[in-house]
Amino acid sequence: QVQLVESGGGLVQAGGSLRLSCVASVSIRSINAMGWHRQAPGKQRELVADITAGGSTTYADSVKGRFAISRDNAKNTVYLQMNSLKPEDTGVYYCNAQAWRTPSTYSYWGQGTQVTVSS
């Protein structure tokens with residue numbers, strides 16, 4: 001089991017910045033990939049960014065150049081730096097951890113943190 005706790009959400013004006021944090025209950029070096037997903041009301045949860053244990057990153061096209069995912073292994077923490085925020089970035093942001101254990105992939109989720117961007 002992996003427990004994830006997100007923090008850092010809040011209300012910000014368009015153009016502002018937030019940094020989300022996700023602290024894992026285990027060494028993130030043992031987790032194959034971690035990332036952030038978001039969900040707006042009435043929408044499907046979508047990938048925002050992820051990072052593998054090897055450091056490879058993936059970003060949704062809508063956030064490229066504005067968001068950056070990073071990892072601090074010593075703190076068992078993954079961050080999402082969110083700059084130049086837009087109202088369409090509003091949603092609940094969830095931390096996700098994936099553990100690849102043949103033949104299955106296990107996915108763990110935090111409780112989410114609300115991000116609201118006003119215009």
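Let us look at the structure shown here. Every chain is numbered independently, its residues counted from 1 as its sequence is written. For this predicted model, a pLDDT threshold of at least 70 governs which residues receive local features, and a threshold of 80 or more governs which side-chain atom pairs are given and counted, while totals over whole chains, interfaces and linings are taken from all residues. For the side-chain quantities, the full set of heavy atoms in the structure was used; hydrogens and water were omitted.

**Some thoughts on the state of the cysteines**
Right, on to step 1. To count as a disulfide, a pair of cysteine sulfur atoms needs to be within 2.5 Å. Enumeration according to the criterion identifies one disulfide in this entry.
Right, on to step 2. C22 shares a disulfide with C95; S-S distance 2.0 Å. For the disulfide bridge between C22 and C95, the dihedral angle about the S-S bond is near -85°, and by the sign convention the bridge is left-handed. Placement of C22 in strand β3 (residues 18-24) and of C95 in strand β9 (residues 91-101) is noted, with a sequence separation of 73 residues between them.
Right, on to step 3. The exposure class of C22 is buried, given its relative accessible area of 0%. A run of DSSP states H or I qualifies as a helix once it reaches four residues; a run of E qualifies as a strand once it reaches two. Both are numbered from the N-terminal end. Accessibility here uses a 1.4 Å probe with only protein chains present; expressed as a share of the type maximum, an area under 20% marks a residue as buried, one over 50% as exposed, and anything in between as partly exposed.

**With respect to the environment of K75**
Right, on to step 1. Tracing the chain through its elements places K75 in the loop between β7 (67-72) and β8 (77-82).
Right, on to step 2. The exposed category is assigned to K75, whose relative accessible area is 53%.
Right, on to step 3. For the pair K75 and G55, spaced 20 residues apart in sequence, the C-alpha to C-alpha distance is 16 Å.

**A look at the nonpolar core**
Right, on to step 1. Residue types Ala, Val, Leu, Ile, Met, Phe, Trp, Tyr and Cys, when buried and joined through side-chain atoms within 4.5 Å, form a set referred to as a nonpolar core. Membership of the largest hydrophobic core comes to 29 residues, with the highest contact counts inside it found for L4, M34, W36, L80 and Y93.
Right, on to step 2. Of all the secondary structure elements, the ones that give two or more residues to this core are β3, β4 (33-39), β5 (46-52), β7, β8, β9 and β11 (113-118).
Right, on to step 3. Contacts are assigned to residue pairs with any non-hydrogen atoms lying within 4.5 Å of each other. Leave out the neighbours within four places in its chain, and M34 touches L4, C22, A24, I28, D50, I51, I69, V78, C95, N96 and A97.

**Quick look at the pattern of salt bridges**
Right, on to step 1. A side-chain nitrogen of Lys or Arg and a carboxyl oxygen of Asp or Glu constitute a salt bridge if their distance falls within 4 Å. Using the criterion set out here, one finds three salt bridges in the structure.
Right, on to step 2. The residue E46 makes a salt bridge to R38 at a minimum N-O spacing of 2.9 Å.
Right, on to step 3. Using a relative accessible area of 38% as the deciding quantity, one classes E46 as partly exposed.
Right, on to step 4. With a relative accessible area of 7%, R38 lands in the buried category.
Right, on to step 5. Each member of the salt-bridge network shares a partner with another, and the members are R38, E46, R66 and D89.

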